[in-house]
Structures are given as structure tokens and as C-alpha cells.
Amino acid sequence: VASFDYREPESLEEAVALLQQHGDEAHIIAGGTALVTMIRQRLVAPGVLVGLRRIPGLDSLEQLPDGSVRIGAMTKHATVERSSLVRQYDAAIVEAFGSVGTVRIRNQGTLGGNLAHADPAQDPPPVLLALDARICVRGPGGSEEWPISQLFRDYFETSLGPSQVVTAVVLPPRPRGSVATYLKFKTRTHDDYATVAVAVSARIDEIGWHDVRIAVGAAGPVPMRVAEAETLLEGSPGAGEAIAEVADRVGDLVDPITDSRGSAAYKRAMARVWTRRALMRVRDQIAAEARPTR
Amino acid sequence: VTAKGGPPDTPRLLTTSEHRVEGRLKVTGEAAFAGDVSRPGMLWAAFRRSDVPHARIVSIDISRALNVSGVHAVLTARDIGSPRFGRRLLDQPVLAGDKVRFVGERIAAVAADTREAAEEAAQWIRVEYEELPAVFDADEALAPGAPILHEDWRDYVFLGGERQAVPHANIQGHRVARKGEAELESIFARAWRTYEHAFTTPRQHHGYVEPHAALSWIDESGLIHVVSTNKTPFLLRGEMAAVTDAPEELIDIDSGYIGGDFGGKGYSPDEYICYYLARATGRPVKAVMSYTDELTAASTRHSGRIVLRTAVDEGGRFLAHEGRAVFNGGAYAAAKPLPGLIINGGLDALACYRIPNVSIEVLTVYTNTVPAGHMRAPGQVQALFAGESHVDMIARDLGMDPIDLRLVNILKDGEVGPVGEVHLEVQATAVLDAVKREARWAEPKAVNRGRGVAIGRRRIGRGRIELRLTLEATGRVIVVTGMTDQGAGGHTLVQRVVAAELGIPPQMVEIRRESTAHAPFDPGAGASRLAHLASQAAVRGAEALKERIEAAATEQLGDRARPAKLSDGQLFIDGSKRGIPLEEAAARLLGPAGELVALGAFEAAPHGVEPEHHQFCACVVDVTVDPETGEVKLLNATLAADVGAIFNPIGHQGQIEGGFAFGVGAAMMEELPIEDGRVTSLNLGDYKLPTSVDLPPLKVALLRSREGPGAYGAKMAGELSNSVVAPAIANAIADAVDARILALPITPERVLAALEAGGPRSW
């Protein structure tokens, strides 16, 4: 590993100033689970690493008065996975964060690092997309809040400016009756990245499906919402055939590449299968919750 | 685990769970591995590696590398006399000289104060290539007009005899084994049915935790010191002597603990260059591979393409069998230790069966890819996947139960195997019966569930080994050995056998591993030889030491008319019924020399000289297949294994179960992808290995044989269980969903494609 400077700012202002001062030389390090590997493999060679762990408040996890949940960027995956607040909000998040790598990775890797790394095969992004999360960003121009879908640009590329830092993710208040799910399909080991992953959030009333959000991971340059497919289901009663049609549409819309987890064609086919399974799981879960209990 | 049968004469001590000799050191992190060793003034080595698969080197510019601060030397082939190295055939350049033959090949070496400086300098070395047509596929390398990798192959040095002639410059090794009729076509023509199937298996990496490491320096006396991860240090000493022209007496190889081997640690590419850099700089020089280096430029399992053809009669009896296995050997044969330069397991596709007429051809072929070498049951993993799938396909076509077809053809005591080997005490039928019973073979299965079987046969390793035993005044017995322990428990085995033979507690026997300059000869772990040879040498050494002790006790303390006896660690002198514990008497026995020394030596003739004991292992796996995704879940597995005496019960269980896990990796996920000669899995995040959560519940039935070549009838364990796993799984998938997998690994995508192709009707 080539040598670098390591700095630990104690405030976001100081962090942003350091990033501005060192420009391209500087790299933020959060948990380091991805970055350290990249440094070791010489994919990046930062001159200065800016560690965020001493900045107070970045690892908070709290419910806001309006019912939204705010998760600080430095929150570890394991913390999200074990949080009862998060579980109450929606258990699909627990499934997604509990699927990241291994327990060692989850105890070290952070939410903000995961998002800024912008690996399309990561587990948290699809579920955060399906839950319509927003991200909070701090930079030289102050604080901003974006829909999370705006973050991802391309393989390992985000819209973050050179001196911008992800500070938190905000999950909006959950409409009553909404159900989400996350399905990760792995073709090799238990701790592998997804071959394809699908997150769905929706609610169903007597008319049909509403607030349908489908997000697919590992099936293109970015974790992506598939709005064209979502609209097919919006407002429809969504019987089996409709679900299959939506799933097929998702298969058409994704843009996977061939790698050691499968060919592009196979991943496309799997995007169909797992979208259908995710939609049916949401439907079944809603049906189960609607059933009167004695 | 259940153990049944066998002779009752194993010493009691060996039936209790062992304490590993090195366990505490490893658990506490105190054990020093080669990569942990440092010397004052030590430099680090780094390499400029080839970016292209096949090219003539036009020029190498090292000027900018020499200017990097901290750099002490930059060497190219010309600086060191263009030496070549290898375990048998010295065909791999220490540094590429005129040509490069694979991406990742070492072209120039840097020694610098730090690893970072060495790596930086290596990046500044400019190489100008004239690219040559490259060949990556073994069959293509044999086709007319294929690029020739080694124009001067006839000039290469071959260690230990004469190299067998090869029919083509791109062939590393070639063997044809025949039995019965010379002409098989008429038998095939007359047969009730004939079957032909083709299979492919991938490159794999061993996946050991510890990467290769080497450290070399030359002391004032001219002695060349090499600290190494090599598991066969005595062989490496000979190889280094042949390459460097230094006499063996001036080379001392020190291989300590080895962090995993699986066949990959007999090949040592960096020890040579560390020596040359040490010679050039006058400093100790160390090299440690990164895992990317491991995956791209160490050695791999051979990929294979195997075509099998078998003629059967109405009862399913095998009449004739023809096999051809073409293995991709990569750019160099240097990693192959056997004289034929093939992987002998490639002959074993139908080694479990009685077949009167056989013709099997095995080839290893040069291609412009990373070299292939030995990996746990080399050749057999590939051949058995093919052979046991082939047998299953025949059974299904004949409408026979797969186990019944195997039982019809399985070898019996005294019978001769497909390539002429005579089998003693064959437990194959018992193994099949046991696996059938333990796995509840006949139990009904739900939809999309299947059950598959496979059986394999493995030889027990042979060769020569020596141990030196010394009684100390404290009563402790010191065993000096050159045996490296790659994790399989060889040191613990020797300790326990010596202790059992002398009747003293294991902690009174100390295993002292020494470097080649100080230890008696050791052949190194590998080819499943260790339990056989080391146990015999330990028994012989203990017997010899016991004689020396008794003679000394008679001489020093007793009366020649009534010789002293050592029994259960007690000395009985002058016919006394009261024994003296050895530790009390030891000091008085040593005499003026201050020690009692005995040598434990053992040698078993090479394979094929005399009838041999072989080992059989059968596996049944239950799977469920998701027909929409092709995903295969392993529900449970059963192994029935033919074993001899067990020295380390926990270690033995670890070998059998670990072999199963290793087999699951080969079956389900491991493939080192090579595109246009370039390995594309560059780390263990991409190259996936199974962990405990990826494994199904495993039931193991051990069948204890009466005989075996090791002490107390011991056999081997290391390469027994891994080869049968992949074919059992493939056969279970065929049973579940009527889809036949002809290539490893069994990815969901392959299963789905086989399902869509409509079942196993490929012939």
C-alpha cells in the first residue's frame, strides 16, 4: 500500500474544507471495507484520507416528529440491521442490510460509505430506492437533500461533487398499509454479491395496487427504479397475469453485464423471475395482514 | 461419524482426541509463517510482469526503476544467465528472457528497502513486445498450425531420469494406458449399447489462506538460506541446486508452518529470484505474493476436456472403455512433479470398475495461460466428474438403479483395475452398501428433489521418509523431522505414534522440525503419502529407540543375563516386576555420549511395483432444484469412506469433512475465469470459496479395513472425499429434474440451460 496522509476532522465544516483543500488527492474513508481493498489493488491511490468517525452525530439513528426515520451516514450496516426503530419502519430494510457481505463487513461498513461507493450490486440501494428515501449531502455550498435515485450515475460513480459528503438518509413517513420486500438472488456462496436483487414497496386496497415502487440491483450500471414497469401495476387489481407482465417489463428494462455471477441474458431472465416473486411476496404479505386475526 | 470393522490392535492412545503439537502456537498467533520472518537489512522484491499472453521481448528499459529511491537492484534474465526452473522439467524461466508466454509472467525483478518502493519501481519498467499469436485452449494448441510455445523444448533439463518423448511440441506429458484387446472398435460394434459423453472442468485455485512467500540470504560461509512456504523442502533443495549450480550442501531450505497447501505449495516460483537478488545485493531479500499474484501467476488446477466411451452388455456389464482427457497445462510444466508430466488422476474416470478392455489417453498441453499444477487429487476431480456422470447416464438409459449398475461392475478383491493395477482388500462393495443404507437411498423424494451417488478410488502415496529420535536426560524424546506441516497434522501424528509405541504420554515426545541442513530426509506432504510413510517411520524409529534404551539399561543398570525391558514407559531391569518410569531412568542411560539416538526410516516402492491397497469413498447427495432459476440447494449429504487406522481422530474427521467442503467448492462455484489469456478473478471476493453456511448437513460412515500400508493398517484421508462430490451432485440434479450437467461448476445458469435443453439426451 502506498503511503497517504490520514486526517480526522471533528466537524463537517472541517471535513468539507479538507476535501476542498486537497481536491482530487483527497478521499473520504468511512468504514473502509470497499476503499481499503481498492487501495490495496491500486485502483485508487489517495494522497489524503479524510476519516469521518470523529464527527459527532453522523452515526445517529432517530425518528423525526413527522414519522420519518433519519439514519446517519456513519451508521454501520449491523446497527441498521439490529435497530428496532428500523424494523418497525419496515422489515425489508433489515433484510437488505442483513444481506450485506458477512457479519464482519456489516460490523465495519457504513450506510454512507455504501451509497457513495455506488456499487450497483450492493444490497441497501434497491430497498432505499423502493422506500423513496432521500439523502442528505453537505458541501461547500451548504446542505442539500436529494431523492436517492439522483445519487447513482454509473458503475461506481455518483452525482456527489468533489467536496460533498453524504451525511444521512431520510426515510419518509410510511403510508398505512404499505409493505416492502427485498429479495437477493445469489448463485454462488452465501456471502456473495447479488446476481440480481429486487426490492418492491406497495400498498393494495380494494381498487388495486398503489405507490408501487420496484427497484433492481446488480442488473445495470446503477441500482435502478423501473418506473415504466411500476406504472403498469399502479391502480390495477394486479392479478397473477398482470404481475407476470410487470416482471417481464422489468426484464426488458434492466441492463446487466456478463460476469462470474452469470451472463447478461441469464440475469435479465432472473430479473423477471425475482421481480415476480417479490411482487407476489408483497401481495401475499398484504393479504396475510388483512386477514382478521382471532 | 460411525466407524465399523477393522482390527482392534490400534494403540489406545490413538483412539483419543488429539492435541495438535502446534495448536497453541497457531491459536495464539505465535507460530511464524514464512511471510512473518524478517532479517536485518532485508529488502523486498517486486516484479514487472507480462501484460500480454505471448510475445517476443524486444527490449526492457529499467532506467527509471533504478532511479526510484530505495531501490538496490533490478534484474532481468540476462543478468542471471537466463535460468529455468521446475519440479521435474526446468521449463519456466526465473525471469522471462526472449519470450513471455502468459499474462503475469515475471520479466524483471526489483529489490528495494520497502515493498512499496519495489512495487513502484517495478511499475516504471518499460517492456517492448513483439506480440505473437497466442493459444489458450488445449485442443486448439494441438491443432495444425497452432502457435508453438516452446521452440527449444528438446533442450530443457529434466530432473530424475529421461523425459518421455512427446508427439507434439505443445504437449507437456502424454500417456496411453491399455488393457485387454488392442483393438476395441469391434467390441463397441458388437455391444448391446455404447455410450459416449463429453465433459469439461474448469481451472481452479487452491484457495489456501497463506500466499506464497520466500526469503533468501547468503551467509559469510556461502550457505544459501531460503525461508519458504514450500511443502517439499528437500525436493526444492535439489531443484534449486539444479537451477543455480550451487551444490545441495550449500542450500538450506527452511519451511516452517504452512498456511494451507491443497497441492499448491510444492511449486515455488519466487525462491529463485530472491536468491539471485540476494546474491546481487548482498542483502536478505523477501517476496510475498499478493492474492492477485496467487490467482494470476502461481499454479492452478488443470482445466480438462474429457471424452468417455463405454460399451455395455444387456446386464449392464462394462465390456470396453475408451477415454481421452486433454488437460490445459498452461504456459509451463514447471509445477508438475511426476515424471510423466501428466496428472495421473486423469486415468481414473472408471477406476472403480472391472473392465476387460480399456484404452485411456491423458495429455497435458501447453497454452498461453497461467501454469497448472497439482491440486488435491489432481486429475481425479476432473476424471471422476466425467466418469461417475457417465456411469449414471448409462444407468438411467438402461433403466437400472445407479447403485445397482455400479455394483454389477465394481472391483472385487484381487481384481485388476482399468490400467492394470492389482487391488488388495477391496472395500468398494461395502462402501456402496454403506452409503446406500446411511443415505436412505430408496426413500421417496418430493417434486424437484433428487438423490445422486458417486464412488471414487484413490491410491495411497508412497516414497521414502526418515525421522531422527533422541532420548534426553529428562526422559523426553525429541523427534527431528524435515516434515512441513501444511495443516494436515503430520507432526501430531508422529508424536502420537512414537508416544504410543514407547508407552509414554504424547507431551513427553517433542517434534522438532528442522531445515534441510539439519533434518533427515523428508519427501514432503502430498499425494496422500504422509500418514502411510510417517506412521511407519515413527513405529520403526520408536522400535529402534526402544532397543537402544533397553540395551543401555541392560549395560548401565542391569545384568546381561537378564536384559532390561521397556514396556508402557516403564523400564524393567534384572527381571524385576517393578518398573522404573523412563523419565526417572533416562539420565542414567545416556552414558558418555549424553544421548541415545535412533533413526526411523521407511520406504515404500513406487506405484505399480507390487499389489496395493486402494481406498474407496462414495457420496450421496440430496438436492432440490428450482426449475425457474436453476438454483440447486444441497439438502444433505452422506459419505461412506474406506479408512485404515486413525492417528488423529479430529484431524482425520477434518480431512474427510474438509474434503467434502472442498468438493462442494469445485462442484458448485469455483472457476478461475481466463479471458484471452487473462485471469479475470483477481481477488477472493470474485473467486468464491464455500464456507460452512454453504454446506449441507453431512453424515459420514467410516468403514475400517483390516489392512493398509501404514502403521496398524493405516491408509490416507486427505484426497479421499473431495472428488466424489461434484458427480454426486450432478447425478442428483439429473434425478431431480432430468437435466444433465456436463460442465463444472454447476451454476444455476448451467442448470437452467440444461433444463431448457430438455434433459439428458445429448447422445
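Up top is the structure.
Residues numbered from 1 in each chain as written. Chains lettered and ligands numbered in written order. Predicted model: local features only at pLDDT ≥ 70, side-chain atom pairs only at ≥ 80, totals over all residues. Heavy atoms only, no water.

### Focus on the overall build of chain B
Looking only at helices and strands, chain B features 17 helices and 34 strands. Based on the C-alpha atoms only, the size of chain B along its principal axes is roughly 80 × 70 × 50 Å. For chain B, the proportion of its 763 residues judged to be buried stands at 61%. Carbon together with sulfur atoms contributes 49% to the accessible area of chain B, which is approximately 27500 Å² in total. Averaging the coordinates of the 80 positive side-chain charges in chain B and doing the same for the 98 negative ones gives two points 3 Å apart. (Helix = DSSP H or I, 4+ residues; strand = E, 2+ residues; numbered from the N terminus. Buried < 20%, exposed > 50% of the residue type's maximum accessible area, 1.4 Å probe, protein only. Areas by Shrake-Rupley, 256 points an atom, 1.4 Å probe, with all protein chains shown as cover. Lys, Arg positive; Asp, Glu negative; His and termini not counted. Charge placed at Lys NZ, Arg CZ, Asp CG, Glu CD.)

### Considerations on the overall build of chain A
Secondary structure assignment for chain A yields 11 helices and 14 strands. Against the globule reference of 19 Å for 294 residues, chain A gives a C-alpha radius of gyration of 19 Å, in line with a compact fold. Here chain A holds 294 residues, and 52% of them are scored as buried. In chain A, the proportion of contacts linking residues at least 24 apart, taken out of those at least 6 apart, comes to 61%. Distance from the positive charge centre (33 side chains) to the negative charge centre (36 side chains) of chain A: 6 Å. (Rg over C-alpha atoms; globule rule 2.2 N^0.38 Å. Contact = heavy atoms within 4.5 Å.)

### Comments concerning the sheet that holds strand E2 (residues 26–29) of chain A
Residue and element names in this part refer to chain A. Strand order in the open sheet formed by 3 strands is E1-E3-E2, and the pairing between neighbours is parallel. Edge positions in the sheet fall to strand E1 (5–7) and E2, since each has one partner strand and no second. Direction aside, the axes of adjacent strands within the sheet are offset by 25 degrees on average. Along the sheet face, helix H1 (residues 12–22) touches E1, E2 and strand E3 (48–51) and points at about 170 degrees away from the line of E3. (Pairing = 2+ DSSP bridges. Axes fitted to C-alpha atoms, helices over the stretch in contact; angles between N-to-C directions.)

### Things to note about the pattern of salt bridges
Counted according to the given criterion, the structure contains 67 salt bridges over all chains. With a shortest N-O distance of 2.8 Å, Arg54(A) and Glu10(A) are connected by a salt bridge. Residue Arg54(A) is located in the loop between E3 and strand E4 (61–63), and its partner Glu10(A) is located in the loop between E1 and H1; the two are separated by 44 residues in the primary sequence. Its salt-bridge partner being Arg138(A), residue Glu13(A) comes within 2.5 Å of it at the nearest N-O pair. In this pair, Glu13(A) is assigned in helix H1 and Arg138(A) in strand E6 (residues 134–139), connecting sequence segments 125 residues apart. Counted as one network, the salt bridges with shared partners bring together Glu388(B), Asp392(B), Arg396(B), Arg406(B), Lys445(B), Asp735(B) and Arg740(B). (Salt bridge = Lys/Arg side-chain N within 4 Å of Asp/Glu carboxyl O.)

### Things to note about the side chain of Arg203(B)
All names here are of chain B. By the element assignment, Arg203 lies in the loop between strand E13 (193–201) and strand E14 (213–218). Salt bridges are absent for the buried Arg203, whose nearest opposite-charge side chain, Glu671, sits at 9.5 Å. Among the polar contacts made by the side chain of Arg203, one reaches the side chain of Asn328 at a distance of 3.0 Å. Polar side-chain contacts of Arg203 include one of 2.8 Å to the backbone oxygen of Val370. (Polar contact = N/O pair within 3.5 Å; in protein donor to acceptor, adjacent residues only side chain to side chain.)

### What to know about the environment of Pro223(A)
All names here are of chain A. Relative to the elements of secondary structure, Pro223 occurs in the loop between strand E13 (209–217) and strand E14 (224–225). For Pro223, a relative accessible area of 5% puts it in the buried group. Each C-alpha atom, one on Pro223 and one on Asp119, is 8.1 Å from the other, the two residues being 104 residues apart in sequence. Setting aside chain neighbours within four positions, we find Pro223 in contact with Pro120, Pro125, Pro126, Leu129, Phe152 and Val216.

### Structural notes on the state of the cysteines
Residue and element names in this part refer to chain B. Inspection of every chain in the model, using the stated rule, returns 0 disulfides over all chains. For Cys617, which is in no disulfide, the shortest distance to another cysteine sulfur is to Cys619 and amounts to 7.0 Å. Residue Cys619 is classed as buried on the basis of its relative accessible area of 0%. (Disulfide = S-S within 2.5 Å.)

### Topic: unusual backbone geometry
The step from Leu744(B) to Pro745(B) runs through a cis peptide bond, and the omega angle for that step is -10 degrees. Structurally, the position occupied by Pro745(B) is in the loop between helix H16 (725–737) and helix H17 (748–757). In this structure, Asp211(A) takes a positive phi of about 50 degrees despite not being glycine. Checked against the element boundaries, Asp211(A) lands in strand E13. Under the relative-accessibility criterion, Asp211(A) is labelled partly exposed at 29%. For Asp738(B), which is not glycine, the phi torsion reads 60 degrees and is therefore positive.

### Points about the packing of helix H10 (residues 240–253) of chain A against helix H11 (residues 264–290) of chain A
Residue and element names in this part refer to chain A. At their nearest, the axes of H10 and H11 sit 8 Å apart, and the two run at 145 degrees to each other. Crossing of H10 against H11: the hand is right-handed. Across the interface between the two elements, Gly240, Ile243, Ala244, Val246, Ala247, Asp248, Val250, Gly251 and Asp252 of H10 pack against Arg268, Ala271, Arg272, Thr275, Arg276, Leu279, Met280 and Arg283 of H11. Of the residues in the contact of H10 with H11, the class split is 8 nonpolar, 3 polar and 6 charged. (Left-handed = near helix turned anticlockwise from the far one by under 90°. Nonpolar A, V, L, I, M, F, W, Y, C, P; charged D, E, K, R; others polar.)

### A few points about the nonpolar core
Counting residues in hydrophobic clusters, the biggest one holds 88 residues, and the most contacted among them are Tyr353(B), Ile455(B), Val623(B), Met668(B), Ile729(B), Ile733(B) and Ile746(B). When residues of this core are assigned to their parent elements, the largest contribution, 9 residues, is made by H16(B). Setting aside anything within four residues of it in sequence, one finds Met668(B) in contact with Val632(B), Leu634(B), Ile729(B), Pro745(B) and Ile746(B). Membership of the second largest hydrophobic core comes to 70 residues, among which are Val86(A), Val198(A), Met224(A) and Val282(A). (Core = buried A, V, L, I, M, F, W, Y, C linked by side-chain atoms within 4.5 Å.)

### Topic: a nonpolar patch on the surface
All names here are of chain A. A cluster of nonpolar side chains, contributed by Val1, Phe4 and Tyr6, occupies part of the molecular surface with about 260 Å² of accessible area. Residue position: Val1 is located in the segment before E1. With relative accessibility at 43%, the residue Val1 sits in the partly exposed group. (Patch = residues over 30% accessible without salt bridge, like charges linked within 9 Å, V, L, I, M, F, W, Y side chains within 5 Å.)

### Looking at the packing of aromatic side chains
Summed over the entire model, instances satisfying the criterion amount to 12 aromatic pairs over all chains. With a centroid separation of 6.5 Å and an interplanar angle of 50 degrees, the aromatic rings of Phe185(A) and Tyr266(A) are classed as tilted. With Phe185(A) in strand E11 (residues 179–185) and Tyr266(A) in helix H11, this residue pair connects regions lying 81 residues apart in the sequence. Grouping residues by exposure puts Phe185(A) and Tyr266(A) together as buried. When the ring of Phe234(B) is compared with that of Phe521(B), the centres are 5.4 Å apart and the planes differ by 65 degrees; the resulting orientation is edge-to-face. Placement of the pair is Phe234(B) in helix H6 (residues 233–244) and Phe521(B) in the loop between strand E25 (509–513) and helix H13 (530–557), with a sequence separation of 287 residues. (Phe/Tyr/Trp six-rings, centres within 6.5 Å; stacked < 30°, edge-to-face > 60°.)

### Things to note about the interface of chain B and chain A
Contacts between the two partners involve 21 residues from chain B and, on the opposite side, 22 residues from chain A. Approximately 1800 Å² of surface area, both sides summed, lies buried where chain B meets chain A, with 45% of it carried by carbon and sulfur atoms. It is Glu628(B), Lys688(B) and Glu749(B) in chain B that bury the most area against chain A; as a group they hold 30% of the surface buried on that side. Across the chain B-chain A interface, the total number found is 6 salt bridges. Salt-bridge contacts for Arg277(A) lead to Asp626(B); the nearest nitrogen and oxygen are separated by 2.8 Å. Listed by contribution, the elements that provide at least two residues to the side of chain B that touches chain A are helix H3 (115–123) and H17 of chain B. Among the residues forming the side of chain B that touches chain A, the class breakdown is 7 nonpolar, 5 polar and 9 charged. (Buried area = accessible area lost by both parts, 1.4 Å probe.)

### Structural notes on H11(A)
Across its 27 residues, H11(A) extends 39 Å between first and last C-alpha, which sits within 8% of the 39 Å expected from 1.5 Å per residue. For H11(A), every residue scored as buried is listed here: Tyr266(A), Lys267(A), Met270(A), Ala271(A), Val273(A), Trp274(A), Thr275(A), Arg276(A), Ala278(A), Leu279(A), Val282(A) and Ile286(A). On its buried face, H11(A) is in contact with E11, strand E12 (196–204), E13, helix H9 (227–233) and H10 of chain A together with H17 of chain B. (Expected span 1.5 Å × (residues − 1).)

### Structural notes on the pairing of strand E18 (residues 303–312) of chain B
When a strand is regular, its side chains alternate between the sheet's two faces. All names here are of chain B. In terms of burial, E18 is a largely internal element, 8 of the 10 residues being buried. The sheet contact formed by E13 and E18 spans 9 bridges and is antiparallel. Within E18, the residue paired with Glu196 across the bridge is Arg309. Sheet topology note: the E18/strand E19 (residues 318–330) ladder contains 10 bridges and is antiparallel. The residue of E19 that forms the bridge with Arg309 is Glu322. Between the antiparallel neighbours E18 and E19 lie 5 residues, among them Gly316 with a positive phi of about 85 degrees.

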